[in-house]
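Read off the chains here:
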Amino acid sequence: MEAEEDIFAYMAFPGELWTRIHSTTPQERLNKEIKRRPNVVGVFPDGASAIRLAGSVLVETADD
């Protein structure tokens, strides 16, 4: 299998990190939250305000 080394690359890290590295769930959750926030806010005056909102979601996530 050609991709075997790439598929199991996460195993080179300590075992307690495997689920964070192997799983895409945190990334999917972040993407879902970035998509959800504009629906809550509603209307944006310009594109820059939408980008600031997405940035604030990223900052909140980094703080957690």
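What counts and how
- Residues numbered from 1 in each chain as written.
- Predicted model: local features only at pLDDT ≥ 70, side-chain atom pairs only at ≥ 80, totals over all residues.
- Heavy atoms only, no water.
- Salt bridge = Lys/Arg side-chain N within 4 Å of Asp/Glu carboxyl O.
- Helix = DSSP H or I, 4+ residues; strand = E, 2+ residues; numbered from the N terminus.
- Buried < 20%, exposed > 50% of the residue type's maximum accessible area, 1.4 Å probe, protein only.
- pLDDT = per-residue confidence, 0-100.
- Axes fitted to C-alpha atoms, helices over the stretch in contact; angles between N-to-C directions.
- Parallel < 35°, antiparallel > 145°, perpendicular 65-115°, else oblique.
- Left-handed = near helix turned anticlockwise from the far one by under 90°.
- Contact = heavy atoms within 4.5 Å.

1. Digging into the pattern of salt bridges
Item 1. Scanning the model with the defined rule gives three salt bridges in all.
Item 2. In this structure, Arg37 and Glu33 form a salt bridge, with 2.7 Å as the shortest nitrogen-oxygen distance. Of this pair, Arg37 and Glu33 both sit in helix H3 (residues 25-41), four residues apart, roughly one helical turn.
Item 3. Given a relative accessible area of 23%, Glu33 falls into the partly exposed group.
Item 4. The residue Glu60 makes a salt bridge to Arg37 at a minimum N-O spacing of 2.8 Å. Placement of the pair is Glu60 in helix H4 (residues 47-63) and Arg37 in helix H3, with a sequence separation of 23 residues.
Item 5. Members of the salt-bridge network, linked through shared partners, are Glu33, Arg36, Arg37 and Glu60.

2. Details of the confidence of the model for the chain
Item 1. Residues with a pLDDT of 70 or more make up 95% of the chain, whose mean pLDDT is 84.
Item 2. Taken element by element, the chain is modelled with least confidence in helix H2 (residues 18-22), mean pLDDT 74, and with most confidence in H4, mean pLDDT 88.

3. Observations concerning the environment of Asn31
Item 1. Here Asn31 lies in helix H3.
Item 2. Taking the C-alpha atoms as reference points, Asn31 and Ala54, 23 residues apart in sequence, are found 9.7 Å from one another.

4. Re the packing of H3 against H4
Item 1. One can describe the packing of H3 onto H4 by two numbers: an axis separation of 10 Å at closest approach and a directional angle of 130 degrees. When the axis of H3 is compared with that of H4, the two are oblique. Here the hand of the crossing between H3 and H4 comes out right-handed. Together, Leu30, Glu33, Ile34, Arg37, Pro38 and Val41 of H3 and Leu53, Ala54, Val57, Leu58, Glu60 and Thr61 of H4 make up the contact between the two elements.

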